[in-house]
Amino acid sequence: MAGMYMKRDSSIDLPHPIQAQTSMTLCWQSESYQVNGAKINHSNCTPAILGVVDLTKLRVHQDDNASSRNVPGLNSTVTESKKAVTYQNNNELPNIEFSWWYIFCLKCRQKEVGPGWEPKYWSKTCPHPYCPSFRQVARIMALLITVVLFWGVVITVIGADAKPGGQLFNIAVLVISAYLGGWVLRMLTLPALVGMLLVGIFYQNAGLISIEGKYKGLVSVLRKIALVVIFTRAGLDLDPVALKKLYCRVLILALVPWFFEAAVIAVIVYYLLSIPWPFAILCGSIIAAVAPAVVVPCLFRLRSKGYGVAKGIPTLIIAVAGIDDAASVIAFGVGTSMLFGSNTVTHDLLLSPISIAVGIMYGIVWGFIVKYFPERSDPYVVPLRIMMLTCGGLLAVLGFEETSLEGAGPLAVIISAFTSMYFWTKQGWNIENNPVATAFEIFWMICEPVLFGLTGTQIILNQLEIRFVTTAIACVIIAIVARICVTIIAATGSSLNFKEKLFISLSWMAKASVQAALGPAVLEASSGHSEVNVGHAQMIVTLCIISILLTAPAGAIIVSLLGPKLLTKAKPNSNEQWRRGPRPSIRDITLYNEDEENDTYVSNDQLECDKTKTDIVEIQNERI
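The rules we used
- Residues numbered from 1 in each chain as written.
- Predicted model: local features only at pLDDT ≥ 70, side-chain atom pairs only at ≥ 80, totals over all residues.
- Heavy atoms only, no water.
- Helix = DSSP H or I, 4+ residues; strand = E, 2+ residues; numbered from the N terminus.
- Buried < 20%, exposed > 50% of the residue type's maximum accessible area, 1.4 Å probe, protein only.
- Contact = heavy atoms within 4.5 Å.
- Areas by Shrake-Rupley, 256 points an atom, 1.4 Å probe, with all protein chains shown as cover.
- Phe/Tyr/Trp six-rings, centres within 6.5 Å; stacked < 30°, edge-to-face > 60°.
- Lys NZ or Arg CZ within 6 Å of the ring centre and 35° of its normal.
- Axes fitted to C-alpha atoms, helices over the stretch in contact; angles between N-to-C directions.
- Parallel < 35°, antiparallel > 145°, perpendicular 65-115°, else oblique.
- Left-handed = near helix turned anticlockwise from the far one by under 90°.
- Patch = residues over 30% accessible without salt bridge, like charges linked within 9 Å, V, L, I, M, F, W, Y side chains within 5 Å.
- Salt bridge = Lys/Arg side-chain N within 4 Å of Asp/Glu carboxyl O.
- Expected span 1.5 Å × (residues − 1).
- Bend = angle between axes of the 7 residues up to and from the residue.
- Disulfide = S-S within 2.5 Å.
- 1 Å grid on protein atoms, 1.4 Å probe; cavity = no way out; pocket = protein on both sides within 12 Å on 5 of 7 lines; lining within 4 Å.
- Points joined across faces, edges and corners; volume = space filled by probe spheres on them.
- Nonpolar A, V, L, I, M, F, W, Y, C, P; charged D, E, K, R; others polar.
- Core = buried A, V, L, I, M, F, W, Y, C linked by side-chain atoms within 4.5 Å.

Asker: Kindly report on the overall build of the chain, identifying the contributing residues and their values.
Answerer: When its secondary structure is counted, the chain shows 21 helices and eight strands. Here the chain holds 624 residues, and the buried ones make up 54% of them. Within the chain, contacts between residues at least 6 apart in sequence are counted, and of these 75% link residues at least 24 apart. Total accessible area computed for the chain in this model is approximately 28,500 Å², and 65% of it derives from carbon and sulfur atoms.

Right under this line is the structure:
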C-alpha cells in the first residue's frame, strides 16, 4: 500500500528494500510541487522549492529470478484504492493514477511561493494533500485573529449593531458565508459567483438577514465600490495594441449583437411580463452585457495554451466584453436619469450625449494625469497608481451621482482605466504583468462576495410566481439564442471560420457582474417613487439574477470544454498575441485540459501527474 503525503524542504528515505535496490528521482514538473521517490538526487532535478511529495510504505513484489539475473532495476507495483504507481522496468512507461478524492484534495491545496517552515511532526500528523500545509493553517489563523481584533474595535466604536444579532454583524456573516459558498463551487470548477448568489438567496429566505435603515445606505455604497472595481478591471484587461488592430471588427461584434439582444429582451418582457417600455428597454440593456468575471479567466487559460491566438480571438472576445459593459453602463445612466429624474424627457434626451461626452473626457484626462503622476521610475509608482486610479473611479461614480450626469460615472471608470493602461504599455508595462491590474484582482476577491451575496438577498422566493420565473427563463434563453445567431452573421466576412464564429458567440452568453451591479442599482434609484415603479425595478433585479444563475455556469463550462475543440492551437511565438499566461492572482475556472496525444480530456491535476511519466523514462534511460 502507498501513503502519499507532503513533507516540506526535505525528502524521506524510502524504506528497505527499495532504497537498496534503486536510486531514482521522480520530478513533478509543476510550479508548485515536486515528487521525490528516493533521497538520491538526479542532476536534472532541482531541489524542492514549494514542497516535496514522498511515496512511502511501499510493498515491493519482485521477480526472484529477475532480481538475481538482471542489471539493477525495478519491477514493483504500488497500489492504494484507485491510486496506482507501477514500474515495470527501466524502459516501460509507469502507470500513475490517482483517485478523484486525492485529486480533489490536491486541487484544494493552494500553490505556495518559496520555501517554508513547519513544525517537526506536521507532515506525519497532517499528510499531504488530505490536510492543508502549515503555511495555509497559519495564514488562516492570522486572518481569523485579525478579524476578531477588528471586530472588537468595531464593537467598541459602533456598539450593539456590531454584536451578534445586529445588522452590521449579520452583513459581515453574510459576506463570509458567501465567500465560503463561492469557494465550494470553485472547487467544483464552477464560477464562484453562483455560490455567492445562492448563499445570499438562502440568507434572505431563511430570515437570517434583514437590511434596514442606515444600513441600506451602507449596502448601496458597498455596491458602488464593487462597481468601480469591476469596471476598472474591465478597462485594464483591454489590450490597446491589439484593440487598435481589431477596432473595426471589435465595434461591429460588440455593438450589433449587444443591441440586438437588448432589443429582443425588451420586446419579450414587454409582451410577456407586461413591463412598460422604458423599464423593458433598461432591462434589456443591462442583461445584454457580457460577464468579464466568467469569460476572462477561461480565455486566459485558453490563450496561454495558444488556442485562437493566431487570429486574435481571445483578445477580440475580451475587448468585446469591455465594450459591452461600457454600452450597458451608458444605457443604464441614460435610462435611470430619464425614468427617475425630475427633469423633462426633452431635457434628459439633450443631457444624455453630454453625460456620455463628460464621462469620456473625465476618463481620458484622468488617465493622462496618472501617466505623469507619479513619475514612472518612482519606487512607489505601483501603490501610488493604484490609489490614484481607485480614488479617481470612486470620485467619478459617487460625484457624478450628485449631479444630473449619473451615467458619466461608470463610463469614466472604464475609460480612465483603459487610458491609463494605454500610456503604461508605452512606458514598458506588459498588459499581462501589470501590478495595478493584479491589485484590482485582489480588490475584486474582497468585493465579489459583497456584491453577489448582497444581490442574492434581493430574491424573496415566496413572492415569486411560477409563471414569472418560467417566462423569465424563456426570455433569457430566447435572447441568448438570438444573440448567437446574430453574432455568427455579424462575423461574416472576417477571417474566422464557422467553428471560431460559433465559439465567440457562445463565449458571450455568460452574465454576471454587470447584472449584479446595475440590477440592484435600478432598485435603489426607484426608491422614493411610486410602488408601481418599485415593482418594475424589482422585476428587473429578479430577471438579472435568473440570467446569472442560468448563464454563468453554462458559459464557463462551454468555453472551457469547447475551446480546445473549436479553436486552432498555435505554436509559441507564432504570433505577437501569444501570451504565456494570466497574472498569478487570476482564478482559473477551466474544467479540463486537452491531452493531444490521446485526444481525450483529463483534469488539470491529473495532467500534472502524467507529466512525471516522461521524466521517469528519461531518468531511467540515463541510468542505463
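More follows now that the structure is in view.
Asker: So what's going on with the packing of aromatic side chains? Which residues, and what values?
Answerer: In the structure shown here, the tally under the stated rule is 14 aromatic pairs. Residues Tyr422 and Phe423 carry aromatic rings whose centres are separated by 5.5 Å and whose planes lie at 65 degrees to one another, so their mutual orientation is edge-to-face. Given a relative accessible area of 34%, Tyr422 falls into the partly exposed group. Feature note: the residues Phe368, Tyr372, Tyr422 and Phe423 constitute an aromatic cluster, connected by ring pairs. Of note, Arg385 hangs over the ring of Trp429, and the distance from its end group to the ring centre comes to 4.7 Å.

Asker: Give a detailed account of the packing of helix H10 (residues 277-287) against helix H20 (residues 531-566), specifying residues and quantitative values.
Answerer: Relative to each other, H10 and H20 sit at 25 degrees, their axes nearing to 10 Å. Classed by the angle they form, the pair H10 and H20 counts as roughly parallel. For the pair H10 and H20, the sense of crossing is right-handed. Residue-level contacts link Phe279, Cys283, Ile286 and Ile287 of H10 to Asn533, His536, Ala537, Ile540, Leu543, Cys544 and Ser547 of H20.

Asker: Give me the lowdown on a nonpolar patch on the surface, citing residues and values where you can.
Answerer: Taken together, Ile176, Tyr179, Leu180, Trp183, Val184 and Leu188 make up a surface patch of nonpolar side chains, about 560 Å² in accessible area. With respect to the helices and strands, Leu188 occurs in the loop between helix H6 (167-187) and helix H7 (192-205).

Asker: Outline the environment of Phe340, supporting the account with residue identities and numerical values.
Answerer: Here Phe340 lies in helix H12 (residues 313-340). Along the primary structure Phe340 and Asn533 are separated by 193 residues, whereas in three dimensions their C-alpha atoms are 9.0 Å apart. Residues in contact with Phe340, not counting those within four places in the same chain, are Phe279, Val522, Ala525, Ser526, His529 and Asn533.

Asker: Explain helix H16 (residues 435-456) to me, using residue names and the numbers behind them.
Answerer: Counted at 1.5 Å a residue, the expected span for H16 with its 22 residues is 32 Å, and the 32 Å between its end C-alpha atoms agrees. The largest bend in H16 amounts to roughly 35 degrees and is located at Cys447, with the proline Pro449 lying one to four residues further along. Burial runs high along H16: 17 of the 22 residues are buried.

Asker: Please give an account of helix H5 (residues 134-158) that cites residues and values.
Answerer: The end-to-end C-alpha distance of H5 is 35 Å, a good match for the 36 Å that 25 residues give at a rise of 1.5 Å each. Positive backbone phi, at 105 degrees, marks Gly159, one or two positions downstream of H5.

Asker: Can you lay out the pattern of salt bridges for me, pointing to particular residues and giving the numbers?
Answerer: This model, assessed by the stated rule, comprises seven salt bridges. Residue Lys224 pairs with Glu401 through a salt bridge whose shortest N-O separation is 2.5 Å. Pair noted here: Lys224 is in helix H8 (residues 214-236) and Glu401 is in helix H14 (residues 381-401), with a separation of 177 residues, a long-range link. Judged by relative accessible area, Glu401 falls into the partly exposed class, the value being 35%. When salt bridges with common partners are traced through the structure, they connect Glu261, Asp324, Arg483 and Lys511 into a single cluster.

Asker: For the side chain of Glu261, give the residues involved together with the corresponding values.
Answerer: Relative to the elements of secondary structure, Glu261 occurs in helix H9 (residues 240-272). Glu261 has contacts with Ile287, Ala288, Ala479, Arg483 and Lys511, leaving out every residue within four places of it along the chain.

Asker: Can you lay out the state of the cysteines for me, pointing to particular residues and giving the numbers?
Answerer: In a disulfide, the sulfur atoms of two cysteines are held together by a covalent bond. Scanning the entire structure with this criterion turns up zero disulfides. Sulfur of Cys475: no disulfide; nearest cysteine sulfur belongs to Cys283 and is 8.3 Å away. Using a relative accessible area of 2% as the deciding quantity, one classes Cys475 as buried.

Asker: Residue-level account of the layout of surface pockets, with values.
Answerer: Computed from the structure, the second largest pocket encloses a volume of approximately 950 Å³. Gln458, Ile460, Leu523, Val534 and Gln538 are, among the 31 residues lining the second largest pocket, the residues nearest its centre. Every element with two or more residues in the lining of the second largest pocket is listed here: H8, helix H17 (466-490), helix H19 (513-526) and H20. When grouped by side-chain class, the residues that make up the lining of the second largest pocket number 13 nonpolar, twelve polar and six charged.

Asker: With reference to specific residues and values, describe unusual backbone geometry.
Answerer: Of the consecutive residues Phe373 and Pro374, the connecting peptide bond is found in the cis state with omega at 5 degrees. Tracing the chain through its elements places Pro374 in the loop between helix H13 (345-372) and H14. Even without being glycine, Ser274 reaches a positive phi, approximately 60 degrees. Within the secondary structure layout, Ser274 lies in the loop between H9 and H10.

Asker: Quick one: what's the story with the nonpolar core, residue by residue and with numbers?
Answerer: Formed by 132 residues in total, the largest nonpolar core has its most connected members in Leu236, Phe452, Phe503 and Leu543. Here the element with the most residues in this core is H20; it accounts for 13 residues. Filtering out sequence-adjacent residues up to four positions away, Phe452 remains in contact with Leu193, Met196, Leu197, Trp444, Ala512, Ser513, Ala516 and Ile548. Ile480, Ile484, Ile488 and Met509 belong to the second-largest nonpolar core, a separate cluster that totals six residues.

Asker: Describe the packing of H8 against H19, with residues and values.
Answerer: Contact pair H8 / H19: the axes reach a minimum separation of 10 Å and the direction vectors enclose 145 degrees. Helix-helix and strand crossings are classified by hand; for H8 and H19 the assignment is left-handed. When H8 is examined against H19, the residues Ser220, Arg223, Lys224, Leu227, Ile230 and Phe231 are found in contact with a partner set consisting of Ser513, Val514, Ala517, Leu518, Pro520 and Glu524. Considering only residue class, the contact of H8 with H19 consists of seven nonpolar, two polar and three charged.

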